[in-house]
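Geometric and topological summary
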Amino acid sequence: TPSDVELWDQNFGNTGGLPVELIRLPGSPTEIGDGAGEVALDIQVIRGIAPKAQILNYEGPNTSDGFAPILARIVADGRAKIVSISWGLCENWTSVTSMSAEQVEFAAAFAAGINIFSASGDDGAYDCRRVEISDNPFERDLSPGTDWPASSPSVVGVGGTFLTMREDGTYVDEAGWEEPLGGAGGGGGLSRYQARPEWQVGLGVDNASSNGMRQVPDVAGPADPTSGFVVTYTDFELGLVSGQVGGTSAAAPFWAASMLLTQQLAQREGVTALGPLGPLLYQLAAEQPQGAIFHDIVRGGNLLYSAGPGWDYSTGLGTPRVAPLARAIVDALKP
């Protein structure tokens, strides 16, 4: 809803932001639905970090075709090189047919240098626990599982942390986001269907649980609602809602917006394109001193796996130290 973004801009003094451009595919719903808060979260987190970015809001019908038509349109348009996806579904209950069709489009985006940041889910290592497997609402799938499309080797999967800051906004510490009593936490684990890409290597990647399949997440960002982001949106039942929101649905646009600033820096210094960032992030993590470009999260976890030195199933490579990470990315890409 455009007025939600305008109100958010007013509340936070964002006077230079461009209007969000809506790109609607045939068959897209035109009424406000129960996903309005999710869309507002994506847009407003990006707007808060990269306030003058041109945001393209692609909308499509919620059908068995899944992400494939929208991804195909994004690749065909060629306008967006940074993409944020908050939507997802546990792999165990995702149609293998639709997953295969979507992976074709994700791979096409990867080849075109389009970087997609995807939320890893908010149920810790048990991504399917919300799926009702029978008529009994208390019978759920409690087996370990990862979220699709964060498990795609062609996207950057983003896990979650609990962030602690001082009153002046400066950084103190982070821990892997997990809530044992509530069952919430940043998604992470081993894919059942996607093989681990050859570039996913580094300290902590090869571990006792490794089995040759894709390991999630790649990186992490603030996701615990206690350290969340303020979002304003129109709910289809409640009307105007404003409050603090978290989840890896916030961590994904946090990363996308950080890479928008990196893209801006790169263009200023003559680097025309970032190219696929997934492999580059692992490369830089191996080359740079520990803690130089990532906050290496070593506390907390995701209800099954604990955070630890280097890469882990809770927070991946860690959270970005955005300025030095941007500098390292641009330096690596310069001719």
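The coordinates are above.
The shown structure was predicted, so the numbers you read here are calculated from the model rather than taken from an experiment. (Residues numbered from 1 in each chain as written. Predicted model: local features only at pLDDT ≥ 70, side-chain atom pairs only at ≥ 80, totals over all residues. Heavy atoms only, no water.)

Some words on the packing of aromatic side chains
The tally for this structure, following the rule as stated, stands at eight aromatic pairs. A ring pair is formed by F106 and W148, whose centres lie 5.8 Å apart and whose planes are at 80 degrees; its orientation type is edge-to-face. Linking F106 in helix α4 (residues 96-111) with W148 in strand β6 (residues 147-148), this pair joins segments that are 42 residues apart in sequence. Its relative accessible area of 0% is what places F106 among the buried residues. According to the relative accessible area criterion, W148 is buried, its value standing at 2%. Connected via pairs of aromatic rings, a cluster forms that spans F67, F106 and W148. (Phe/Tyr/Trp six-rings, centres within 6.5 Å; stacked < 30°, edge-to-face > 60°. Helix = DSSP H or I, 4+ residues; strand = E, 2+ residues; numbered from the N terminus. Buried < 20%, exposed > 50% of the residue type's maximum accessible area, 1.4 Å probe, protein only.)

Quick notes on the state of the cysteines
Linking two cysteines covalently via their sulfur atoms produces the bond known as a disulfide. For the structure shown, the criterion picks out one disulfide. The residue that forms a disulfide with C90 is C128, at a sulfur-sulfur distance of 2.4 Å. Disulfide C90 to C128: torsion about the S-S bond roughly 115 degrees, handedness right-handed. In this pair, C90 is assigned in strand β4 (residues 89-90) and C128 in the loop between β5 (115-119) and β6, connecting sequence segments 38 residues apart. A residue is classified by how much of its surface remains accessible, and C90, at 2% relative accessible area, is buried. (Disulfide = S-S within 2.5 Å.)

Quick word on unusual backbone geometry
Glycine aside, the phi torsion of most residues is negative, and most peptide linkages are trans. A cis amide bond links W148 with the next residue in sequence, P149, at an omega value of 15 degrees. Relative to the helices and strands, P149 is located in the loop between β6 and β7 (156-165). With an omega of 0 degrees, the peptide bond running from V216 to P217 counts as cis. Mapped onto the secondary structure, P217 falls in the loop between β12 (213-216) and β13 (219-222). Positive phi is not limited to glycine here, since L303 has a value of about 80 degrees. Classification of L303 by relative accessible area gives partly exposed; the value is 25%.

Things to note about the side chain of T315
Checked against the element boundaries, T315 lands in the loop between β16 (294-295) and β17 (319-320). Accessibility expressed as a relative area gives 0% for T315, which makes it buried. Dropping the residues within four chain positions of it, T315 is found in contact with G160, T161, G176, P217, V219, A220, I297 and A307. (Contact = heavy atoms within 4.5 Å.)

Quick notes on the side chain of E91
Mapped onto the secondary structure, E91 falls in the loop between β4 and α4. Of the buried charged residues, E91 lacks a salt bridge, with R192 as the closest side chain of opposite charge at 6.1 Å. In terms of polar contacts, E91 uses its side chain to reach the side chain of S191, at 2.6 Å. Excluding residues within four positions of it along the chain, E91 makes contact with M99, T146, W148, S151, S191, R192, Y193 and Q194. (Lys, Arg positive; Asp, Glu negative; His and termini not counted. Salt bridge = Lys/Arg side-chain N within 4 Å of Asp/Glu carboxyl O. Polar contact = N/O pair within 3.5 Å; in protein donor to acceptor, adjacent residues only side chain to side chain.)

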